[in-house]
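# Close look at the chain arrangement
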Amino acid sequence: MATWAKENLPRENGEMVPMQVPIIVSASRSTDIPAFYADWFFHRLKVGYSAWTNPFNGVKGYVSYKNTRFIVFWSKDPSPLIAHLDELRERKIGFYIQYTLNDYVKEGLEKGVKPLEYRIDTFKRLVDKLGVGSVIWRFDPLMLTDTIDIDTLLGKIDNIGNQLKGYTEKLVFSYADIALYRKVKSNLEKNGINSRDWTEDEMHEFAKGLAKLNQSWGYTLATCGEKIDLKPYGVEHNHCVDDALIIRLAYHDKVLMDFLKVKIHPMPSLSIFGDTEPLPPDAIILPNNTYVTRGDNRDKGQREFCGCMKSKDIGEYNTCVHLCEYCYANTSKQAAALNYNSHKNNSRSETITGK
């Protein structure tokens, strides 16, 4: 987990406390802030800081937003963000949205999410406001159960993918690791879901089928946190907190570019023979006839096969009330519901739980 330099800064009550001062914020891998806590988050952004409780030691920590230049939002229902987009623009804070848009409606694995048609419409509304590239489609996780096989999943993805054509550049997916997460295994068993892990052969079979579907879409295909190499099917390893995308969206922000160790270069000119020097393999081409290279920004504190760059996550576990049957972020549905009720009773608290 990434940590940032700390400064002694005042809380609302005047007490001076050490606060992490991140430039890039993740909101959040631990819960769905846009769906359930958007008003809280934007109030805390205005106040200038929020607090969170470390899940490993129970110690409260503080995060200041005074230097924040970019936010990565994660959500299954980012529609509440629409009312706050102007606030981000006024604060000159860039952002993009990792939008998990699954279809487990028939199987009842995501009973708390809104209807599929609403979620697809929300995706399109956001892209109409923000532009293609600012909203990334995730189908995550890919579940295998006694009622869901590979063909079922490909059919679900085909349906959504056809409707999102022209609205997204990328599809990110991951294979459910049931055995790896005891909470997930326990939650599924409690709710009578007969699920199983993927074999390596099945992973290849799915990727091959997805690549075939993608012939009509042209999306970038990428896995999240997966070891397996699926390059033969055109599948990359993703960087969900992605410095390349941040650069594309916010290259005009010098402070942010300096943090990302960006160097700007003019595009090479044509030689008298009509060719140009090749660009570096990691070059990012910008629209102003320049390209950039950048340093190694990977977050070494994440999982082994996670490609994310350094950010500060501000969410807390046991707070998401989508109540998905496979949830890794809640110990139980009851714990999440109790914390959400606590939040509603004190929705402007320093912490997301209102405690």
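For the structure, see preceding data.
Residues numbered from 1 in each chain as written. Predicted model: local features only at pLDDT ≥ 70, side-chain atom pairs only at ≥ 80, totals over all residues. Heavy atoms only, no water.

### Some thoughts on the nonpolar core
For the record, the criterion: By nonpolar core is meant a set of buried Ala, Val, Leu, Ile, Met, Phe, Trp, Tyr and Cys residues that side-chain atoms within 4.5 Å join together. Burial classes: relative accessible area under 20% of the type maximum marks a residue as buried, over 50% as exposed, and values in between as partly exposed (1.4 Å probe, protein chains only).
Judged by nonpolar contacts, the single largest core of 73 residues is most densely connected at Phe41, Phe73, Trp137, Tyr175 and Phe206. One finds Trp4, Ile136, Met257 and Leu286 within the second-largest nonpolar core, a separate group that totals 27 residues.

### Comments concerning the layout of surface pockets
This is how it is decided: Think of a 1 Å grid over just the protein atoms. A cavity is a set of points where a 1.4 Å probe fits yet cannot get out, a pocket is an open set with protein on both sides within 12 Å along at least five of seven lines, and lining residues have an atom within 4 Å of a point. Grid points are joined across faces, edges and corners, and a volume is the space filled by probe spheres set on the points. Runs of H or I in DSSP of at least four residues are treated as helices and runs of E of at least two as strands, each being numbered from the N terminus. Only Asp, Glu, Lys and Arg are considered charged in this grouping, and only Ala, Val, Leu, Ile, Met, Phe, Trp, Tyr, Cys and Pro are considered nonpolar; every other residue, Gly among them, is considered polar.
By volume, the second largest pocket is sized at about 480 Å³. Contributing to the lining of the second largest pocket are 21 residues, with Lys170, Glu236, Asp242, Ala244 and Arg248 lying nearest its centre. Elements with a contribution of two residues or more to the lining of the second largest pocket: strand 8 (135–142), strand 12 (220–223), strand 13 (235–237) and helix 8 (243–250). The class makeup of the residues in the lining of the second largest pocket is 8 nonpolar, 6 polar and 7 charged.

### With respect to the packing of helix 4 (residues 116–130) against helix 5 (residues 150–164)
Quick reminder of the rule: Axis definition: a line fit to C-alpha positions, over the contact stretch in the case of helices; interaxial angles, taken between N-to-C directions, run 0 to 180 degrees. Two helices cross in a left-handed way if the nearer one is turned anticlockwise from the farther one by less than a right angle. They cross in a right-handed way if the turn is clockwise. Contact between two residues is taken to exist if any of their heavy atoms lie within 4.5 Å; hydrogens are not considered.
For the pair helix 4 and helix 5, the least separation of the axes is 10 Å and the interaxial angle reads 35°. Where helix 4 crosses over helix 5, the two elements pack in a sense that is right-handed. Contacts from Leu116, Ile120, Phe123 and Lys124 of helix 4 reach helix 5 at Asn159, Ile160, Gln163 and Leu164. Residues belonging to the contact of helix 4 with helix 5 are distributed by class as follows: 5 nonpolar, 2 polar and 1 charged.

### Some words on the pairing of strand 8
Applicable threshold: Here the rule is simple: two strands pair whenever DSSP picks up at least two bridges between them.
Here strand 8 lies mainly inside the structure; 8 of its 8 residues are buried. Across 4 bridges, the pairing between strand 7 (residues 94–100) and strand 8 is parallel. Looking across to strand 8, one finds that Gln98 is bridged to Ile136. Bridge count between strand 8 and strand 10 (residues 170–175): 4 bridges; the pairing is parallel. Bridging across to strand 10, Phe139 finds its partner in Phe173.

### Details of the sheet that holds strand 6 (residues 70–75)
If you walk across this open sheet you meet the 8 strands as 13-12-10-8-7-6-3-17, and the pairing is parallel. Each of the sheet's edge strands pairs with one partner strand only, and the pair in question is strand 13 and strand 17 (312–313). Bridging between strand 3 (residues 24–27) and strand 6 involves 4 bridges; their strand directions are parallel. Its bridge partner lying in strand 6, Val25 is registered against Ile71. Sheet strands touched by helix 5: strand 8 and strand 10. Its angle to strand 8, the strand with the most contacts, is close to 170°. Contacting strand 3, strand 6, strand 7 and strand 8, helix 8 crosses the sheet at an angle of about 130° to strand 7.

### Regarding helix 10 (residues 333–345)
Cut-off, in case you're wondering: Here the expected length of a helix is defined as 1.5 Å per residue gap, with one fewer gap than residues. Here the arc refers to the set of directions running from the helix axis out to each C-beta atom.
Helix length check: helix 10, at 13 residues, gives a terminal C-alpha distance of 19 Å against a target of 18 Å (1.5 Å per residue), a fit within 8%. Turning to helix 10, its buried residues are Ala336, Asn339, Tyr340, Ser342 and His343. End-on view of helix 10: buried residues confined to an arc of 160°, all on one side of the axis. Pointing more than 90 degrees away from the buried face of helix 10 are the exposed residues Gln334, Leu338 and Asn345. Contacts made by the buried residues of helix 10 are with helix 1 (33–36) and helix 2 (38–47).

By themselves, these figures tell us nothing about what the structure is for.
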